[in-house]
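Residue-level listing of the chains:
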Amino acid sequence: PTPRPITDAQWPGLPPGTVDEDLRVDPATRGVRDVVVFLLDDPVNRTGRPLRTDLPDHTPATHAVAAGPTQFTPRVLAARAGDALRVTATPGVKVVIDGDERAEVKPLAVTRSALALTAEPRSWMKGWVWAFDHPYFAVTGADGRFVIRDVPPGARRLV
């Protein structure tokens, strides 16, 4: 769909051209941007070793998200469990990470759903963070494409 403009009447002082980006579709490929895709072991077809077996050691990383002035950048982030999330906000924006208003740096634990990033008072600003206990995940690009590298052989489910 065409991005929905947010008007100055709704949010006085808003930078011109701010849009609600709940769903972003590439007009050329019709691919959807910012979708998290990941692999799961196939419970029926066990032709390969489990995804979490013999993983190399993971050195924790810190992932940066900027809040503002009109949106989170990046809006969707996928990372390994044990990594940390650092959020920096534009003045006047208070970031809430999964209900926690105090977190500027938050360690990431494995989750079965996304951690929500919200901003007060800018309710249209939304972001999401996923954490995985394996490295086989990706976030789709602007054209809807993605790559998951170094997947061990065997049947897998793409979610």
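For the structure, see preceding data.
Residues numbered from 1 in each chain as written. Predicted model: local features only at pLDDT ≥ 70, side-chain atom pairs only at ≥ 80, totals over all residues. Heavy atoms only, no water.

## A few points about the overall build of the protein chain
And then number 1: Helix and strand counts for the protein chain come out as zero helices and 13 strands.
And then number 2: Reading the protein chain from its N terminus to its C terminus gives the helix and strand order β-β-β-β-β-β-β-β-β-β-β-β-β.
And then number 3: The 159 residues of the protein chain split such that 38% are buried.
And then number 4: Partitioning the contacts of the protein chain with sequence separation of at least 6, the portion at a separation of at least 24 is 54%. (Helix = DSSP H or I, 4+ residues; strand = E, 2+ residues; numbered from the N terminus. Buried < 20%, exposed > 50% of the residue type's maximum accessible area, 1.4 Å probe, protein only. Contact = heavy atoms within 4.5 Å.)

## Overview of the sheet that holds strand β11 (residues 126-132)
And then number 1: Spatially, the four strands line up as an open sheet ordered β6-β11-β10-β8, and their pairing is mixed. Sheet topology places β6 (76-80) and β8 (94-97) at the edges, where each strand pairs with a single neighbour. Direction aside, neighbouring strands of the sheet carry axes that sit 20° apart on average. (Pairing = 2+ DSSP bridges. Axes fitted to C-alpha atoms, helices over the stretch in contact; angles between N-to-C directions.)

## Considerations on the pattern of salt bridges
And then number 1: Applying the stated rule across the entire model yields six salt bridges.
And then number 2: Across the pair Asp-34 and Arg-33 runs a salt bridge, and its minimum N-O distance is 4.0 Å.
And then number 3: For Asp-34, a relative accessible area of 19% translates into the label buried.
And then number 4: The partly exposed category is assigned to Arg-33, whose relative accessible area is 35%.
And then number 5: Of the charged contacts in the structure, one is a salt bridge between Asp-143 and Arg-145, with a shortest N-O distance of 3.3 Å.
And then number 6: Arg-145 sits in the exposed class, given a relative accessible area of 59%. (Salt bridge = Lys/Arg side-chain N within 4 Å of Asp/Glu carboxyl O.)

## Focus on the nonpolar core
Grouped burial of nonpolar side chains is what soluble globular proteins tend to show.
And then number 1: Ranked by size, the top nonpolar core spans 20 residues in total, and within it Phe-72 and Leu-85 carry the most contacts.
And then number 2: When contributions to this core are tallied by element, the ones reaching two or more residues are β4 (62-67), β6, β7 (84-89), β8, β10 (115-120) and β11.
And then number 3: Ranked by residue count, the leading element in this core is β10, at three residues.
And then number 4: Among all residues touching Phe-72, those that are not within four sequence positions of it are Val-65, Ala-66, Ala-67, Val-95, Leu-117, Thr-118, Ala-119, Met-125, Lys-126 and Gly-127.
And then number 5: Leu-40, Ala-78, Phe-132 and Phe-137 belong to the second largest nonpolar core, which has seven residues in total. (Core = buried A, V, L, I, M, F, W, Y, C linked by side-chain atoms within 4.5 Å.)

None of this, on its own, says anything about what the molecule does.
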